[in-house]
Amino acid sequence: MDRIGVTAILKYLRSAYRSFVIDGNEIDAVITTWQDILQDIPNEVAYKAVRELCRVRPKFAPDPADIYLACIERETELTVYQIQQQEHEQRMLELKEYHENEQVGPPPEHVRQKLDAIFQKVRVTEDES
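Report on the accompanying structure. For clarity, every value in this text was computed on a predicted model and none was experimentally measured.

Examining the overall build of the protein
Part 1 of the argument: When its secondary structure is counted, the protein shows 6 helices and 0 strands.
Part 2 of the argument: Listing the helices and strands of the protein from first to last along the sequence gives α-α-α-α-α-α.
Part 3 of the argument: The 129 residues of the protein split such that 18% are buried.
Part 4 of the argument: Restricting the contact set of the protein to residue pairs at least 6 apart, pairs at least 24 apart contribute 72%.
Part 5 of the argument: Approximately 10,500 Å² of the protein is accessible, and the part contributed by carbon and sulfur atoms is 53%.

Let's talk about the environment of Ile 4
Part 1 of the argument: Relative to the helices and strands, Ile 4 is located in helix H1 (residues 3-16).
Part 2 of the argument: For Ile 4, a relative accessible area of 67% puts it in the exposed group.
Part 3 of the argument: The spatial distance from the C-alpha of Ile 4 to the C-alpha of Ile 31 is 9.2 Å, given a sequence separation of 27 residues.

Here we look at the pattern of salt bridges
Part 1 of the argument: On inspection of all chains with the given rule, the structure shows 4 salt bridges.
Part 2 of the argument: Between Arg 112 and Glu 109 there is a salt bridge whose closest N-O contact spans 2.3 Å. Of this pair, Arg 112 and Glu 109 both sit in helix H6 (residues 109-121), 3 residues apart, which is roughly one turn of that helix.
Part 3 of the argument: Note on Glu 109: relative accessible area 42%, which makes it partly exposed.
Part 4 of the argument: One salt-bridge network, held together by shared partners, links Glu 109, Arg 112 and Asp 116.

Quick notes on the nonpolar core
A general trend in soluble globular proteins is that nonpolar side chains are found buried together.
Part 1 of the argument: Ile 9, Leu 10, Leu 13, Trp 34, Ala 46 and Ile 67 are the most contacted members of the largest nonpolar core, which has 20 residues in total.
Part 2 of the argument: Of all the secondary-structure elements, those providing two or more residues to this core are H1, helix H2 (27-37), helix H3 (43-56) and helix H4 (64-76).
Part 3 of the argument: For this core, the leading source of residues is H3, giving 5 residues.
Part 4 of the argument: When residues no more than four places from it in sequence are discounted, the contact partners of Ala 46 are Met 1, Ile 9, Ile 41, Ile 67 and Cys 71.

Focus: the packing of H1 against H2
Part 1 of the argument: Where H1 meets H2, the closest approach of the two axes is 9 Å, and the angle between their N-to-C directions is 110°. With respect to their mutual orientation, H1 and H2 come out roughly perpendicular. By crossing handedness, the relation of H1 to H2 is classed as right-handed. Here Arg 3, Val 6, Thr 7, Ile 9, Leu 10 and Leu 13 of H1 lie close against H2, whose contacting residues are Asp 28, Val 30, Ile 31, Thr 32, Trp 34 and Gln 35.
Part 2 of the argument: Looking at the contact of H1 with H2, its residues break down into 7 nonpolar, 3 polar and 2 charged.

Structural notes on H1
Part 1 of the argument: Helix length check: H1, at 14 residues, gives a terminal C-alpha distance of 20 Å against a target of 20 Å (1.5 Å per residue), a fit within 8%.
Part 2 of the argument: If you check which residues of H1 are buried, you get Gly 5, Val 6, Ile 9, Leu 10 and Leu 13. Buried residues of H1 fall within an arc of 135° about the axis and therefore sit on the same side. Facing away from the buried side of H1 by over 90 degrees, the exposed positions are Ile 4 and Lys 11.

Focus: the packing of H1 against H3
Part 1 of the argument: Closest axis-to-axis distance for the H1/H3 pair is 10 Å, and the angle between their directions is 10°. When the axis of H1 is compared with that of H3, the two are roughly parallel. Considering how the two elements wind past one another, H1 and H3 form a crossing that is right-handed. Of the residues in H3, those touching H1 at Gly 5, Ala 8, Ile 9, Tyr 12, Leu 13 and Ala 16 are Asn 43, Ala 46, Tyr 47, Val 50, Arg 51 and Cys 54.
Part 2 of the argument: Its residues assigned to classes, the contact of H1 with H3 comprises 9 nonpolar, 2 polar and 1 charged.

What counts and what doesn't
Residues numbered from 1 in each chain as written. Predicted model: local features only at pLDDT ≥ 70, side-chain atom pairs only at ≥ 80, totals over all residues. Heavy atoms only, no water. Helix = DSSP H or I, 4+ residues; strand = E, 2+ residues; numbered from the N terminus. Buried < 20%, exposed > 50% of the residue type's maximum accessible area, 1.4 Å probe, protein only. Contact = heavy atoms within 4.5 Å. Areas by Shrake-Rupley, 256 points an atom, 1.4 Å probe, with all protein chains shown as cover. Salt bridge = Lys/Arg side-chain N within 4 Å of Asp/Glu carboxyl O. Core = buried A, V, L, I, M, F, W, Y, C linked by side-chain atoms within 4.5 Å. Axes fitted to C-alpha atoms, helices over the stretch in contact; angles between N-to-C directions. Parallel < 35°, antiparallel > 145°, perpendicular 65-115°, else oblique. Left-handed = near helix turned anticlockwise from the far one by under 90°. Nonpolar A, V, L, I, M, F, W, Y, C, P; charged D, E, K, R; others polar. Expected span 1.5 Å × (residues − 1). Arc of directions from axis to C-beta.

Listed below in structure tokens is the structure:
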């Protein structure tokens, strides 16, 4: 998070909470401290977390630790697509490991019969030209 992002968050908190006041003499120290605590968080993510925290905390403004924790928790929440992608990658790794480590023999009799039936239906005829 940069200085501009921290300033935007502090202004947002000031307008959301009337009791949130920073003394003019301390503003540089407050911005520097907040920037240090939130340095690993992108501005957009932090701003969105502040908006959500303001919705669920009507009495007191969140401090930088609250914002940081909300951002970290947000990162651990995966979308359905991300979960499906991870499951697919896991299946592919399992198949790769199986093919690298296992001795694969001929298919079971019922599978061989089904394959034979499919291949008998799809006969390739020689070109009669």
